[in-house]
Amino acid sequence: MTNITIATDISNYIAQSTLTNIVSPRKLAFWKGSRYEGLAFAHPKQKGAAGERIVQDVCNSIDTDCTKARNTGHDRIIEGIPTEIKSSFCNEDTEKYSFLQIRPAQDYEQILFVTIHPDFIHMYLMSKDIVYNLIDEGKITPQHGGRGGNSGTFSYYVTERRLLEDGAIPFV
């Protein structure tokens, strides 16, 4: 039988601040006690899935047709329109939302932006035509691919007020 040496436990060498300062105290305080506190610190994939479930729950509650996607180019079909769902949690320092992985080349006609704040959740619809215009204006910016941004993936950093100014309309 071969002797195997297990690595030494290094726990005692790690500063406590390294373990406890992963999330800023400001962010912790911003979300503390909120109904959405648990979601605010979830993995990004879990947050995205939660955003899709929130949309489905709202559509069910307001008697709006919302069905599963026909393909991977969108998340849901809302009232017959292929819809991409993007959710974001409010940044405690700026009251801005970060909508990432916007891919206008995908098969959707509108984006439903879900803004999650410790005190509320709002939803805004934006047509793909407006998304393209905002890319041309530099308001929705390349996420990957350097300055050329040729990956086809974009980011939108925005307040709720700016969403409305940019052409989004409240969903509910």
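Please refer to the structure higher up on the page.
Residues numbered from 1 in each chain as written. Predicted model: local features only at pLDDT ≥ 70, side-chain atom pairs only at ≥ 80, totals over all residues. Heavy atoms only, no water.

J.: Describe helix α4 (residues 44–61), with residues and values.
T.: Taking 1.5 Å as the rise per residue, α4 with 18 residues should run 26 Å; its terminal C-alpha atoms sit 26 Å apart, in good agreement. Buried within α4 we find Lys47, Ala50, Gly51, Ile54, Val55, Gln56 and Cys59. (Helix = DSSP H or I, 4+ residues; strand = E, 2+ residues; numbered from the N terminus. Expected span 1.5 Å × (residues − 1). Buried < 20%, exposed > 50% of the residue type's maximum accessible area, 1.4 Å probe, protein only.)

J.: Any chance you could break down the side chain of Lys128 for me, citing the residues and the numbers?
T.: Along the chain, the position of Lys128 falls in helix α5 (residues 128–136). Within the buried set, Lys128 has no salt-bridge partner at all; the shortest N-O distance to an opposite charge, 6.1 Å, is to Asp107. (Lys, Arg positive; Asp, Glu negative; His and termini not counted. Salt bridge = Lys/Arg side-chain N within 4 Å of Asp/Glu carboxyl O.)

J.: I'd like a rundown of the sheet that holds strand β9 (residues 169–170), residues and numbers included.
T.: Taken in spatial order, the six strands of this open sheet run β1-β2-β3-β5-β6-β9, and their pairing is mixed. The strands lining the two open edges of the sheet, one partner per strand, are β1 (66–68) and β9. Taken strand by strand, α4 contacts β1, β2 (76–78), β3 (81–89), β5 (110–117) and β6 (120–127), and its axis lies near 120° from that of β3. Sitting on the sheet, α5 touches β5 and β6, and the angle it makes with β6 is about 85°. (Pairing = 2+ DSSP bridges. Contact = heavy atoms within 4.5 Å. Axes fitted to C-alpha atoms, helices over the stretch in contact; angles between N-to-C directions.)

J.: Help me get a handle on the layout of surface pockets, residues and values and all.
T.: By rolling a water-sized probe across the atoms, one finds the places where empty space is left. The volume enclosed by the largest pocket comes to roughly 650 Å³. Lining the largest pocket are 26 residues, with Pro44, Ser87, Ser88, Ser98 and Leu100 positioned closest to its centre. Per-element tally for the lining of the largest pocket: the top contributor is β3, with six residues. Considered class by class, the residues forming the lining of the largest pocket number eight nonpolar, nine polar and nine charged. (1 Å grid on protein atoms, 1.4 Å probe; cavity = no way out; pocket = protein on both sides within 12 Å on 5 of 7 lines; lining within 4 Å. Points joined across faces, edges and corners; volume = space filled by probe spheres on them. Nonpolar A, V, L, I, M, F, W, Y, C, P; charged D, E, K, R; others polar.)

J.: Account for unusual backbone geometry, naming residues and giving values.
T.: Of all residues except glycine, most have a negative phi; of all peptide bonds, most are trans. The phi torsion at Glu79 lies on the positive side, around 50°, for a residue other than glycine. Counting through the fold element by element, Glu79 comes out in the loop between β2 and β3. On the basis of relative accessibility, which here comes to 48%, the residue Glu79 falls in the partly exposed class. Residue Gln101 is not a glycine yet carries a positive backbone phi of 60°. Mapped onto the secondary structure, Gln101 falls in strand β4 (residues 97–102).

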